[in-house]
Amino acid sequence: MPEAPDHSALAEWRQRLAQARSVCVLTGAGMSAESGIPTFRDALTGLWSRFDPARLASVEGFRADPGLVWDWYAERRAGVRAAQPNAGHRALAAFARRRPGVLTLVTQNVDDLHQRAGNRDTIRLHGDILQDRWLEPCGMACDPARAEPGRPPRCVACGGLVRPGVVWFGESLPPAALQHAEHAARHCEVLLVVGTSGAVWPAAGLAAAARRAGAHVAIVNPSASEIDAEAHVCLRGTAAILLPALLD
Ligand code: APR
């Protein structure tokens, strides 16, 4: 078990967050780990240590075997629906309620736990696993929700495939979400990076952008990440424990 962060660092950053006029929080899969949703790169339990992302999280993989990918996302969707926001999600929602206009929450996660906890305006960099969309724009402008049932569903008019509304490897992020996230990172007083390995860009670049712009940067993660060097402090602990300690 990692050493618990020293109390002076927690107290220092708790005060910094309480006094900040603008706070940006970037979350990754570790944010939802204590809600029972597996991360991607944790050894043994991470999804990518058990499944091949090229086959299951890419357009090529979907085209090669739409049924396999659709079933895999159906299983992940069921896991998300069965999960509950944890104390970390609730601490962020309470902070946003107490301090209107101070928090910009940016997530790489495709679950809806931040939203269910109350952070409805969360910036989603990698999409939403509970949303469907067309693999190709449907020329008949049909609604994916009304597609012919199947694994995956198909458009009754053009036969097009429905796919999960997430960003796959090799795809670009939604431009507006990325611009909003970059602006928040460059204009915040404090950036809190929670539960991300920092392995995937451009989300991983937000910490360096914030640091360069003069923000105080803290990482909450029980383990080392690829972006630790961008942080003034790495608070070794979990989201459900440290976020209430920092924000409540
Ligand atoms: N609290 C905080 N952090 C945790 C916890 C926890 N309870 N449990 C694990 N972590 C940390 C791990 O130490 C790791 O650094 O969360 C991080 C999870 O890293 P990844 O599994 O790589 O997830 P993430 O960084 O969100 O991945 C980024 O990669 O596959 C793509 O699109 C996917 O959005 C995802 C992106």
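Undergrad: Just checking my understanding: could you explain the environment of Leu56 for this structure?
TA: Positionally, Leu56 belongs in helix H3 (residues 53–56). Taking relative accessible area as the criterion, Leu56 reaches 6% and is therefore assigned buried. Along the backbone, Leu56 and Leu130 are 74 residues apart, and their C-alpha atoms lie at a distance of 16 Å. Among all residues touching Leu56, those that are not within four sequence positions of it are Phe51, Leu68, Val69, Trp72, Tyr73 and Trp168.

Undergrad: How should the environment of Ile129 be read in this particular structure?
TA: By the element assignment, Ile129 lies in strand E4 (residues 127–134). Distance in space between the C-alpha atoms of Ile129 and Asn221 is 24 Å, their sequence separation being 92 residues. With near-sequence residues (within four places) excluded, Ile129 lies in contact with Tyr73, Arg76, Arg77, Val80, Val110, Asp111 and Val166.

Undergrad: Which parts of the structure should I look at to understand the site of the ligand?
TA: Close contacts around the ligand come from 22 residues, with Ala29, Phe40, Arg41, Thr196 and Ser197 the closest. Across the complex, the protein chains shield 92% of the 740 Å² of accessible surface that the ligand would expose by itself. Built from parts of two domains, the shell around the ligand gets at least three residues from each of domain 1 (1–35 + 84–126 + 173–248) and domain 2 (38–82 + 130–166).

Undergrad: So what exactly am I meant to see when it comes to the pattern of salt bridges here?
TA: Side chains that differ in charge, positive against negative, can pair when their charged atoms come close. Using the criterion set out here, one finds ten salt bridges in the structure. Note that Glu171 and Arg163 form a salt bridge whose closest N and O atoms lie 2.8 Å from each other. A salt bridge links Arg236 to Asp228, with the shortest nitrogen-to-oxygen separation between them at 2.6 Å. Linked through salt bridges whose partners overlap, the residues forming this network are Arg133, Arg163 and Glu171.

Undergrad: In this structure, what is going on with the packing of helix H8 (residues 175–187) against helix H9 (residues 205–212)? I would like to understand it.
TA: Two packed helices can be described by the angle between their axes and the distance between those axes. At their nearest, the axes of H8 and H9 sit 7 Å apart, and the two run at 35° to each other. For the element pair H8 and H9, the recorded crossing hand is right-handed. Mapping the contact onto sequence places Ala181, Glu182, Ala185 and Arg186 in H8 and Leu206, Ala209 and Ala210 in H9. Tallied by class, residues from the contact of H8 with H9 come to five nonpolar, no polar and two charged.

Undergrad: Help me understand helix H5 (residues 66–82), please; the structure alone is not making it clear to me.
TA: An α-helical turn contains 3.6 residues, so any two residues separated by three or four positions project in the same direction. Helix length check: H5, at 17 residues, gives a terminal C-alpha distance of 24 Å against a target of 24 Å (1.5 Å per residue), a fit within 8%. Taken together, the buried positions of H5 are occupied by Pro66, Gly67, Val69, Trp70, Trp72, Tyr73, Arg76, Arg77 and Val80. Looking at the buried side of H5, the elements it contacts are H3, helix H4 (59–64), helix H7 (113–117), E4 and strand E5 (162–166).

Undergrad: Before we go on, may I ask you to explain the packing of aromatic side chains in this structure?
TA: Aromatic rings considered in pairs are described by the distance between their centres and by the relative angle of their planes. Applying the stated criterion across every chain yields a total of seven aromatic pairs. Aromatic ring contacts, followed pair by pair, group Phe40, Trp48, Phe51, Phe62, Trp72, Tyr73, Trp168 and Phe169 into a single cluster. The lysine or arginine in question, Arg77, covers the ring of Trp70, its NZ or CZ lying 5.2 Å from the ring centre.

Undergrad: What's the story with the nonpolar core in this structure? I'm lost.
TA: Soluble globular proteins: nonpolar side chains tend toward being buried together. By size, the foremost hydrophobic cluster in this structure holds 26 residues, and its most contacted members are Val23, Leu192, Leu243 and Leu246. Going through the elements one at a time, helix H1 (7–19), strand E1 (23–27), helix H6 (87–98), strand E2 (103–107), strand E6 (190–194), strand E7 (216–220), strand E8 (233–235) and helix H10 (239–247) are the ones with two or more residues in this core. Here this core takes five residues from H10, the largest share from any one element. In this view, Leu192 contacts Leu17, Cys24, Val25, Leu26, Ala218, Val220, Leu243 and Leu246; residues no more than four positions away in its chain are not counted. Counting residues in each nonpolar core, the second largest holds 24 residues, with Val106, Leu173, Ala210 and Ile219 among its members.

Undergrad: What's the story with unusual backbone geometry in this structure? I'm lost.
TA: What you tend to see is this: most non-glycine residues have negative phi, and most peptide bonds are trans. In this structure, the amide linkage connecting Arg151 to the following residue, Pro152, adopts the cis form with an omega of 5°. In this structure, Pro152 sits in the loop between E4 and E5. Look at the link from Trp201 to Pro202: it is a cis peptide, with omega at 0°. The phi dihedral of Leu44 is positive, around 70°, even though this residue is not glycine. In this fold, Leu44 is placed in the loop between helix H2 (30–33) and H3.

Undergrad: Explain the domain arrangement of the protein chain here, please?
TA: When the parts of a complex come together, some accessible area is lost, and that lost area is often taken as the interface size. Domains assigned within the protein chain are domain 1 (1–35 + 84–126 + 173–248) and domain 2 (38–82 + 130–166). Each of domain 1 and domain 2 has a C-alpha centre, and these two points are 28 Å apart. Taken residue by residue, the interface counts twelve residues in domain 1 and nine residues in domain 2. The junction of domain 1 with domain 2 conceals about 770 Å² of combined surface from both sides, 60% of it contributed by carbon and sulfur atoms. Applying the counting rule to domain 1 against domain 2 returns zero salt bridges.

So, how was this worked out
Residues numbered from 1 in each chain as written. Predicted model: local features only at pLDDT ≥ 70, side-chain atom pairs only at ≥ 80, totals over all residues. Heavy atoms only, no water. Helix = DSSP H or I, 4+ residues; strand = E, 2+ residues; numbered from the N terminus. Buried < 20%, exposed > 50% of the residue type's maximum accessible area, 1.4 Å probe, protein only. Contact = heavy atoms within 4.5 Å. Near = heavy atom within 4 Å. Areas by Shrake-Rupley, 256 points an atom, 1.4 Å probe, with all protein chains shown as cover. Domains from an automatic or database assignment. Salt bridge = Lys/Arg side-chain N within 4 Å of Asp/Glu carboxyl O. Axes fitted to C-alpha atoms, helices over the stretch in contact; angles between N-to-C directions. Left-handed = near helix turned anticlockwise from the far one by under 90°. Nonpolar A, V, L, I, M, F, W, Y, C, P; charged D, E, K, R; others polar. Expected span 1.5 Å × (residues − 1). Phe/Tyr/Trp six-rings, centres within 6.5 Å; stacked < 30°, edge-to-face > 60°. Lys NZ or Arg CZ within 6 Å of the ring centre and 35° of its normal. Core = buried A, V, L, I, M, F, W, Y, C linked by side-chain atoms within 4.5 Å. Buried area = accessible area lost by both parts, 1.4 Å probe.

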